[in-house]
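What follows is the residue order along each chain.
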Amino acid sequence: MALISRKSFQLYSSSTPVSRSALMTLSRRLNFISGQRKPLNCSSMATRMMCVKDKSQYTFCRKKHVQLQMQSLSVNEAVHLYGDTKNCTKSNNVWMDEQLFFKRLNSLCTSKEILYFLSSLEVMSDTMASGALQKISELEVDDNGLKNPALLENEVFRALCFQFEFESSKLSNTGLLNALQALIKLRIDPQSTLMTSLLSESEERLGSGQLTAEHLCALGESLLELEGPSCAMLEQIVNHMQERDIKSWSPREIVMVYKILEVTVREGKQWQSLLNRLNGVTLRAVSLLSPNFVSVILKSLVALHQTRAVLLVTALCKHSVQHVPYFTDHELVNVLEALLYFGQKMQIFTEALERHVPKSIHTMQPQTVSKVMQYCCEKMILSKPIFDAVAEGFISSADRLTTDQIAAYVIPFGTLNYLPPSASLLFGKLETVLHTHLRQFQPHTLLNLLHSCVLIQRYPINFLPKIFSPYFLQKLQAQPPGLNRVVMSQLTQLFLTATLECPFYEGPKLLSKYQVKAFPTPQSSLDVHLLKRVKTGLLDLLKKRIYFASEVSTPYFYVVDIEIKLDEEGFVLPAAQLEEVHRRIALCVDGQNRFCAHSHNLLGEEAIKQRHLQLLGYEVVQIPFFEIESLRNTRKIADYLHKKIFPCTYGLSN
């Protein structure tokens, strides 16, 4: 471990002071004096010089890096380094125990306090100095960069940087890598001689195998932040990690390796054997993972396509339940994306969201709310607490949402066939936003949004002329996925809704070439097993198979699960008969996939189908799975169907 002495800020490379001229020469190596030296990528950057006092300058670049520029330090602005504690003359230097140092450091709240504290010490270890830099970086950097650029003028800060550059070979691994992390976070220009020195020393130690697993992870984290996934040293780090005892890794080390593997695999590298070992170790450490670590690992597992790590994914998802109130917005999005990718649907996770979202809706980022609604929509989870909260959030914040976010907030209400208590305000706000931002919507986004509205009987009459216009249809066709069957079905259903439910609509009609012959029903496809049981019961009830037909196409785009025809007196007619048909009964055999998850609430597409069949003259009889699943024999099913289809004669037959 190296010791840094700050006695009167005088520079020594050993116990013998250097001359003023030598100091000046070393200092000039650190500088990027204006007009003398420029970064290699200077020509491609738009830089804005921000001049401060005479002693220091810094430049903000497009990459948000800062060029640390220092004039030559005077003799009274130097620092002193000791190779180890034995060479330290404690009688001439103020020394503080590391444990006491970090306790005091952690109690300080501003970089000014930290630098003043450091100036009171004449000797400190490189670990202490790098820890101070890390604390400063935590305080001085936010999403917008360096809060207080004047920090870089500070004599203490400059002297520390000077020492780290020219004594990098004497630093401990911890001191070296902690300093590197802190300076990267402070946006110090990676092409400066300071950063070049630290990076070169790190690379040398990496190549010689001097770094422990903890140090390898710290270096990997720094390189990802500084250079991104293209950094060649990342592969070296992974190779070294493979040789280490993976069972002894800490959660932080596990997370860091996942992050490195995530980017190296994207670059075409394959590390599945290491991943298999890592997944196994992580499974045993799940209970130790923080909210951030859970989020990062799930994100990496998605990126690495670890679909076979079922036990690990399940354990992480279960563990994430307790962290839901503590996830940041970004972390929660990562977890939800993993749940969607791996097909996980946990009631306990939904319940945690139901407790969290209503309390946080007004502080959650729109993209997070959008992801929550996407999760509920794709998993068919109708959570009234979540949907009611999102409706309130939309009413208050719709003007600040993007068009994609507007669609993400609203479409699930139609898909899952739910009107919240604030429905009138919700759709009133939606109409206002549509009038204001209509031209900003992408064609397919607008169609999806308006189609979802009609599913729950909210009719966008004012916007249908635009949807049915040749110009809009051409735009739909020109953009992916074009006018495929799903898109044409949405158009057809909008047109049918206007015809059946909005007879007062007098705008343009949808041309027949844009209409489908039958609606596809991918989500609410027929439950074949349930249909078979119903048909068996009908056969027992009606005695002959000719008296009912299954999966009947109609002239009105819908397919009827089972159709029964009656004459004027109520007698059942053969299904093939076309004359003297007075009544048509449509049996909707609704399996679980036509309902929201763990609910008896029909999905929007099935609800609109049954509504339209009634308007088209059918007598709709719903046969839901939850009414028939407990009936164990054909006689009971036939009795149930008799009561449902022919209630007027049910008592007579008995």
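Residues numbered from 1 in each chain as written. Predicted model: local features only at pLDDT ≥ 70, side-chain atom pairs only at ≥ 80, totals over all residues. Heavy atoms only, no water.

Draft legend 1. Quick look at the overall build of the protein chain. Within the protein chain, the regular secondary structure consists of 28 helices and 13 strands. When the 654 residues of the protein chain are sorted by exposure, 53% land in the buried category. If you take every contact in the protein chain between residues at least 6 apart in sequence, the share linking residues at least 24 apart comes to 72%. Here the protein chain displays about 30,500 Å² of accessible surface, and carbon together with sulfur accounts for 51% of that area. (Helix = DSSP H or I, 4+ residues; strand = E, 2+ residues; numbered from the N terminus. Buried < 20%, exposed > 50% of the residue type's maximum accessible area, 1.4 Å probe, protein only. Contact = heavy atoms within 4.5 Å. Areas by Shrake-Rupley, 256 points an atom, 1.4 Å probe, with all protein chains shown as cover.)

Draft legend 2. Fine view of the pattern of salt bridges. Throughout the structure, instances matching the rule amount to 16 salt bridges. Residue glutamate 221 pairs with arginine 252 through a salt bridge whose shortest N-O separation is 3.2 Å. Here glutamate 221, found in helix H8 (residues 213–227), pairs with arginine 252, found in helix H10 (residues 251–266); they are 31 residues apart in sequence, far enough to count as distant. Using a relative accessible area of 31% as the deciding quantity, one classes glutamate 221 as partly exposed. (Salt bridge = Lys/Arg side-chain N within 4 Å of Asp/Glu carboxyl O.)

Draft legend 3. Structural detail: the packing of helix H6 (residues 173–185) against helix H7 (residues 193–207). Where H6 meets H7, the closest approach of the two axes is 10 Å, and the angle between their N-to-C directions is 135 degrees. Relative to H7, the element H6 lies oblique. The crossing of H6 and H7 is left-handed. Of the residues in H7, those in contact with Asn173, Leu176, Leu177, Leu180, Leu183 and Ile184 of H6 are Leu194, Met195, Leu198, Leu199, Glu201, Ser202 and Arg205. Class assignment of the residues belonging to the contact of H6 with H7 gives a composition of nine nonpolar, two polar and two charged. (Axes fitted to C-alpha atoms, helices over the stretch in contact; angles between N-to-C directions. Parallel < 35°, antiparallel > 145°, perpendicular 65-115°, else oblique. Left-handed = near helix turned anticlockwise from the far one by under 90°. Nonpolar A, V, L, I, M, F, W, Y, C, P; charged D, E, K, R; others polar.)

Draft legend 4. Highlighting the packing of aromatic side chains. Under the defined criterion, the tally for this structure stands at 14 aromatic pairs. Their ring planes at 75 degrees and their centres at 6.5 Å tell us that phenylalanine 468 and phenylalanine 495 sit as a pair that is edge-to-face. Of the two residues, phenylalanine 468 sits in the loop between helix H21 (464–467) and helix H22 (470–478) while phenylalanine 495 sits in helix H23 (residues 485–501), which places them 27 residues apart along the sequence. Both residues of the pair, phenylalanine 468 and phenylalanine 495, belong to the buried class. Their ring planes at 70 degrees and their centres at 5.6 Å tell us that phenylalanine 595 and phenylalanine 626 sit as a pair that is edge-to-face. Here the residue phenylalanine 595 occupies a position in the loop between strand E12 (583–590) and helix H25 (604–615), and phenylalanine 626 occupies one in helix H26 (residues 625–628), the gap between them amounting to 31 residues. Take phenylalanine 626: its relative accessible area is 25%, and that puts it in the partly exposed class. (Phe/Tyr/Trp six-rings, centres within 6.5 Å; stacked < 30°, edge-to-face > 60°.)

Draft legend 5. Region of interest: the side chain of histidine 215. Mapped onto the fold, histidine 215 is located in helix H8. Among the residues examined, histidine 215 registers a relative accessible area of 12% and is labelled buried. At 2.9 Å, the side chain of histidine 215 and the side chain of threonine 212 are in polar contact. The residues touching histidine 215, leaving out its near neighbours within four places in the chain, are Asn173, Thr174 and Leu177. (Polar contact = N/O pair within 3.5 Å; in protein donor to acceptor, adjacent residues only side chain to side chain.)

Draft legend 6. Spotlight on the environment of asparagine 484. If you trace the backbone, asparagine 484 turns up in the loop between H22 and H23. Note on asparagine 484: relative accessible area 29%, which makes it partly exposed. Spatially, the C-alpha atom of asparagine 484 lies 9.9 Å from that of tyrosine 514, the residues being 30 residues apart in sequence. Among the polar contacts listed, one links the side chain of asparagine 484 to the backbone nitrogen of valine 487, at a separation of 2.9 Å.

Draft legend 7. Highlighting the nonpolar core. The biggest cluster of nonpolar side chains holds 172 residues, and the ones touching the most others in it are Leu118, Leu183 and Phe349. Here this core takes nine residues from H10, the largest share from any one element. Among the nonpolar cores identified, the runner-up in size contains 27 residues, and Leu526, Leu541, Ala638 and Ile645 belong to it. (Core = buried A, V, L, I, M, F, W, Y, C linked by side-chain atoms within 4.5 Å.)

Draft legend 8. Up close: the packing of helix H15 (residues 347–360) against helix H17 (residues 384–397). Two elements in contact, H15 and H17, have axes separated by 8 Å at closest approach and are oriented at 20 degrees. Relative to H17, the element H15 lies roughly parallel. Crossing hand, H15 versus H17: left-handed. The residues of H17 that touch H15, namely those facing Leu353, Glu354, Val357 and Pro358, are Pro385, Ile386 and Ala389.

Draft legend 9. Spatial organisation of the pairing of strand E13 (residues 619–624). Looking at chain direction, E12 and E13 are connected through six bridges and run parallel. In the sheet register, isoleucine 585 faces E13, and the bridge partner there is glutamate 619. The parallel pair E12 and E13 is bridged by H25, and the resulting crossover is right-handed. (Pairing = 2+ DSSP bridges. Right-handed = clockwise from strand over helix to strand, strands pointing away.)

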